[in-house]
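Report on the structure
The lines below spell out each chain.
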Amino acid sequence: MSGVHEPGLPTLYEWAGGTEPLRRMIDAFYDRVEADEALSVFFPGGVSERHRAHVTDWWAEVLGGPVTYTERHGGYEAMLGHHRDLAITPAQRHRFAAFMSLAADDAELPADPEFRAAIIGYLEWGTRLAAENSQVGATPVEHAPVPRWGWGVAPPYRG
Ligand code: HEM
């Protein structure tokens, strides 16, 4: 996927307020996951600091921030490798997406419809792809850049 350059608009990363608020969302999300019967099975012993930091870096990069995941954590290929053969069920995927939406509220990320629609669009796409690619025998795209998500059809209104 090629990056979306939207002239005159802040990136979603800038709109979110940078890495710190994204880390708050990821922490709130994994705290919910650790307490959940359906999702904690993926993280025996809890979700490590390393995992939380890496997933924060992934989201920051996707939303148009620094390319740390690509430069330091192995990029798309590493992320794909972490999901192989997890056999994520539709119910688990749905719960994962719902928890992230709740975590965006927990972390008090900007609540405007435009920003939330954009990140939920990525979440829906990303979780469906992760679930598909996690099935035993799946044939995912082996090499790709980390996606760069934009505002899509509903950017902040400029009259
Ligand atoms: C938007 C959707 C998703 C994103 C952005 C995402 C992101 C990531 C990233 C970046 C990693 C690698 C972390 C590292 O480099 O150490 C990872 C690993 C992992 N993800 Fe996801 N993921 C998504 C969906 C899911 C879903 C739906 C599940 C399960 C219900 C899941 C379960 C896991 C597990 C178990 C690991 C491996 C943990 C480990 O072995 O260290 N992910 N995820």
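Residues numbered from 1 in each chain as written. Predicted model: local features only at pLDDT ≥ 70, side-chain atom pairs only at ≥ 80, totals over all residues.

1. Quick word on the site of the ligand
Note the threshold: For each residue, a C-beta atom is placed from the backbone, and the residue counts as near a molecule or strand when that atom lies within 6 Å of it. By the criteria applied, helices consist of DSSP H or I runs no shorter than four residues and strands consist of E runs no shorter than two, each listed in order from the N terminus. Gly is put with the polar residues, along with every residue not named as nonpolar or charged; the nonpolar set is Ala, Val, Leu, Ile, Met, Phe, Trp, Tyr, Cys and Pro, and the charged set is Asp, Glu, Lys and Arg.
Taken together, 21 residues form the shell around the ligand, and within it His 54, Trp 58, His 82, Gly 126 and Ala 130 come nearest. Sorting the residues of the shell around the ligand by element identifies helix 3 (49-62), helix 5 (75-83), helix 6 (90-106) and helix 7 (113-133) as the ones contributing at least two each. Residue composition of the shell around the ligand, by class: 12 nonpolar, eight polar and one charged.

2. A few points about the packing of helix 2 (residues 19-34) against helix 3
Heads up, the condition is: Note on geometry: axes are lines fitted to C-alpha atoms, helical ones only across the stretch in contact, with angles between N-to-C directions running from 0 to 180 degrees. These descriptions rest on fixed angle ranges, namely under 35 degrees for roughly parallel, over 145 for roughly antiparallel, 65 to 115 for roughly perpendicular, and the rest for oblique. Here is the rule for handedness: rotate from the far helix to the near one, and if that takes an anticlockwise turn smaller than a right angle the crossing is left-handed, while a clockwise turn gives right-handed. Throughout, a pair of residues is in contact if the C-beta atoms placed from their backbones lie within 7 Å.
The contact between helix 2 and helix 3 brings their axes to 9 Å, and the two run at 130°. As the angle between them shows, helix 2 and helix 3 are arranged oblique. Helix 2 and helix 3 meet at a crossing whose hand is right-handed. Every residue of helix 3 that contacts helix 2 at Thr 19, Leu 22, Arg 23, Ile 26, Asp 27 and Tyr 30 is listed here: Arg 52, Val 55, Thr 56, Trp 59 and Ala 60.

Take it as geometry only, folks, not as evidence of what the structure does.
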